[in-house]
Amino acid sequence: MSIPFNKPFLAGKELQYIQEAINSGKISGNGGFTGRCQSFFQQRYGFSKTLLTNSCTDALEMAAILLNIGPGDEVIVPNYTFVSTANAFVLRGATIVFCDSRPDHPGMNEELLEGLITEKTRAIIPVHYAGVACDMKRIMKLAKKYKLFVVEDAAHAIDSYYLDEGKRVPLGGIGHLAAFSFHETKNINCGEGGMLVVNDPTFEERAELIWEKGTNRSQFFRGEIDEYSWVDVGSSFLPSEISAAFLYGQLECLDRIQAKRKSLWEHYMKGLGRLEEGGILGLPKHPVYAQFNGHLFYIVCPDEGWRKGLMGYLKGLDILAVSHYRSLHDSPFQKGKPASGKEFPWSDHYTSRLLRLPLYYELELSQVDTIVSSILEYAGNR
Ligand SMILES: *Cc1c(COP(=O)(O)O)cnc(C)c1O
């Protein structure tokens, strides 16, 4: 039986809620299900303001507008991340300054950050890769010292935590702003979806204007004003109620989904431990302050050729394993820009060696066994 890398799933009442949304007579944005999704995060994680968006990309673009990022500004972004983390700020005219990965983890190396800050730096965008927290205490301290904003790219990080001297702080609740993703490949999804979290209250009012195409329609809906008008820049960042209804159906099942993902993750870890002990490949490492969410399981192959061989071997068995990001400084879009000539050895390391294994809600432990034994076979047969 073939094992895809990822598979859309229904966890609970998604379809029933979509029907309810339609029956309610309103399926455009900012309706009942949008409110329920936003409240879910406020109640469960204590986020003070949340705005559902069409994607994490949307939420990052909203953040760039909110921070008034413009030409001449520098924004520090990990080199090993998805395009949107950087592109949202490039759209405003910012110059991107890339930060290399940690040797022990694909996430940004916090030790390098201070050396990247200049007089032009306006913001740092930590990405919690694989749902594993960046060292947020250190990053927030730097931000305070240099008067910078922090926007957490929490696309992978729903229900992940930063442990601060025994206190569990949810990721997405630490930076001034944060962006979540509900794309099909993330733990909780609605096909395409995202959310902006506003932790700094000074951004709350304006975030709502930007969200509603630069109008104060949200205030109008709440009956605070008699008519709404164009008051700021913005765009169409709010998702339809159909997406929100699907998302709410998944959010209700969050604990069950997370438990399943973590059990699959642990099962991989146990099964592949032998290969790590034998020095054949690397397995995920978590800093002590990170409590993760089983977002993705990766192995670090000895080299690119080994990875390619393994991918082909698994594909022959109908198992789909995939690489991940490519160092952004080396992308065609960065050609001729200052970063293209710089060296990012650890980001390049993960670009050529990291391999993600299938991990989704409906995957079975027995299928993980199959994948693990196939990898053991490949490693032994070479
Ligand atoms: C998935 C992802 C995004 C983009 O999310 P969309 O919801 O697809 O826009 C941004 N950053 C990271 C780190 C991601 O993994």
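If you're wondering where the values come from, they're calculated on a predicted model, not measured in any experiment. (Residues numbered from 1 in each chain as written. Predicted model: local features only at pLDDT ≥ 70, side-chain atom pairs only at ≥ 80, totals over all residues. Heavy atoms only, no water.)

## Observations regarding the overall build of the chain
The number of helices and strands found in the chain is 13 helices and 14 strands. For a compact globule of 382 residues, the expected C-alpha radius of gyration is about 21 Å, and the chain comes in at 21 Å, within 12% of that figure. Taken along its principal axes, the extent of the C-alpha atoms in the chain is 75 × 55 × 40 Å. When burial is assessed residue by residue, the chain has 56% of its 382 residues classed as buried. Across the chain, contacts joining residues at least 24 apart in sequence account for 72% of those joining residues at least 6 apart. Approximately 16,300 Å² of the chain is accessible, and the part contributed by carbon and sulfur atoms is 52%. Taking the average place of the 40 positive charges on the side chains of the chain and the average place of its 45 negative ones, the gap between the two points comes to 2 Å. (Helix = DSSP H or I, 4+ residues; strand = E, 2+ residues; numbered from the N terminus. Rg over C-alpha atoms; globule rule 2.2 N^0.38 Å. Buried < 20%, exposed > 50% of the residue type's maximum accessible area, 1.4 Å probe, protein only. Contact = heavy atoms within 4.5 Å. Areas by Shrake-Rupley, 256 points an atom, 1.4 Å probe, with all protein chains shown as cover. Lys, Arg positive; Asp, Glu negative; His and termini not counted. Charge placed at Lys NZ, Arg CZ, Asp CG, Glu CD.)

## Some words on the site of the ligand
With respect to spatial proximity, 15 residues lie near the ligand, and among them T57, D153, H156, S181 and K186 are the closest. Within the side chain of H156, a nitrogen or oxygen atom sits 2.6 Å from an oxygen atom of the ligand. For the ligand, an oxygen atom lies 3.0 Å from a polar atom in the side chain of Y325. For the ligand, the accessible surface in isolation is 380 Å², of which the surrounding protein chains cover 93%. Here the residues of the shell around the ligand are counted per class, giving five nonpolar, eight polar and two charged. (Near = heavy atom within 4 Å. Polar contact = N/O pair within 3.5 Å; in protein donor to acceptor, adjacent residues only side chain to side chain. Nonpolar A, V, L, I, M, F, W, Y, C, P; charged D, E, K, R; others polar.)

## Quick look at the nonpolar core
Core analysis: the largest hydrophobic core is formed by 92 residues, its most contacted members being F182, L272 and I299. Two domains each put at least three residues into this core: domain 1 (14–251) and domain 2 (254–380). (Core = buried A, V, L, I, M, F, W, Y, C linked by side-chain atoms within 4.5 Å. Domains from an automatic or database assignment.)

## So, the packing of aromatic side chains
Under the definition given, this model contains 27 aromatic pairs. A centroid spacing of 5.7 Å and a plane angle of 45° characterise the contact between Y17 and Y248, whose relative ring orientation is tilted. Remark: Y248 occurs in helix α9 (residues 241–251) and Y17 occurs in helix α1 (residues 14–23); sequence separation between them is 231 residues. For the residue pair Y17 and Y248, the accessibility class agrees, reading buried in each case. (Phe/Tyr/Trp six-rings, centres within 6.5 Å; stacked < 30°, edge-to-face > 60°.)

## Some words on the pattern of salt bridges
Per the counting criterion, the structure on display carries 17 salt bridges. Its salt-bridge partner being E165, residue K137 comes within 2.9 Å of it at the nearest N-O pair. Highlighted residues: K137 in helix α6 (residues 136–146) and E165 in the loop between β8 (161–164) and β9 (167–170), separated in sequence by 28 residues. Accessibility expressed as a relative area gives 34% for K137, which makes it partly exposed. For E165, a relative accessible area of 73% translates into the label exposed. E212 is the partner of R217 in a salt bridge, and the nearest nitrogen-oxygen pair spans 2.9 Å. Owing to a relative accessible area of 22%, R217 belongs among the partly exposed residues under this scheme. Each of K49, E208, R222 and E224 takes part in one network of salt bridges that share partners. (Salt bridge = Lys/Arg side-chain N within 4 Å of Asp/Glu carboxyl O.)

## Remarks on the pairing of strand β3 (residues 95–99)
For β3, the tally of buried residues reaches four of five residues, placing the bulk of the element in the interior. The sheet contact formed by strand β2 (residues 74–78) and β3 spans five bridges and is parallel. Bridge pairing in β3 places I76 opposite V97. Taking the sense of rotation as the criterion, the β-α-β connection linking β2, helix α4 (residues 83–90) and β3 turns out right-handed. (Pairing = 2+ DSSP bridges. Right-handed = clockwise from strand over helix to strand, strands pointing away.)

## Focus: the domain arrangement of the chain
The domains assigned to the chain are domain 1 (14–251) and domain 2 (254–380). Taking the mean C-alpha position of each, domain 1 and domain 2 sit 26 Å from one another. Listed by partner, the interface residues are 43 residues for domain 1 and 35 residues for domain 2. Between domain 1 and domain 2, a total of about 3,400 Å² is buried, with carbon and sulfur atoms accounting for 56% of that surface. At the boundary of domain 1 with domain 2, the tally comes to one salt bridge. Across the pair D255 and R44 runs a salt bridge, and its minimum N-O distance is 2.7 Å. Along the contact surface separating domain 1 from domain 2 lie 23 residue pairs in polar contact (both at pLDDT 80 or more). Grouping the constituent residues of the side of domain 1 that touches domain 2 by class yields 24 nonpolar, ten polar and nine charged. (Buried area = accessible area lost by both parts, 1.4 Å probe.)

## Thoughts on the sheet that holds β9
Spatially, the three strands line up as an open sheet ordered β9-β8-β12, and their pairing is antiparallel. The open sheet terminates on both sides in strands that have one partner only, identified here as β9 and β12 (290–291). Alignment of β8 against β12, held across two bridges, turns out to be antiparallel. Looking across to β12, one finds that Y161 is bridged to Q291.

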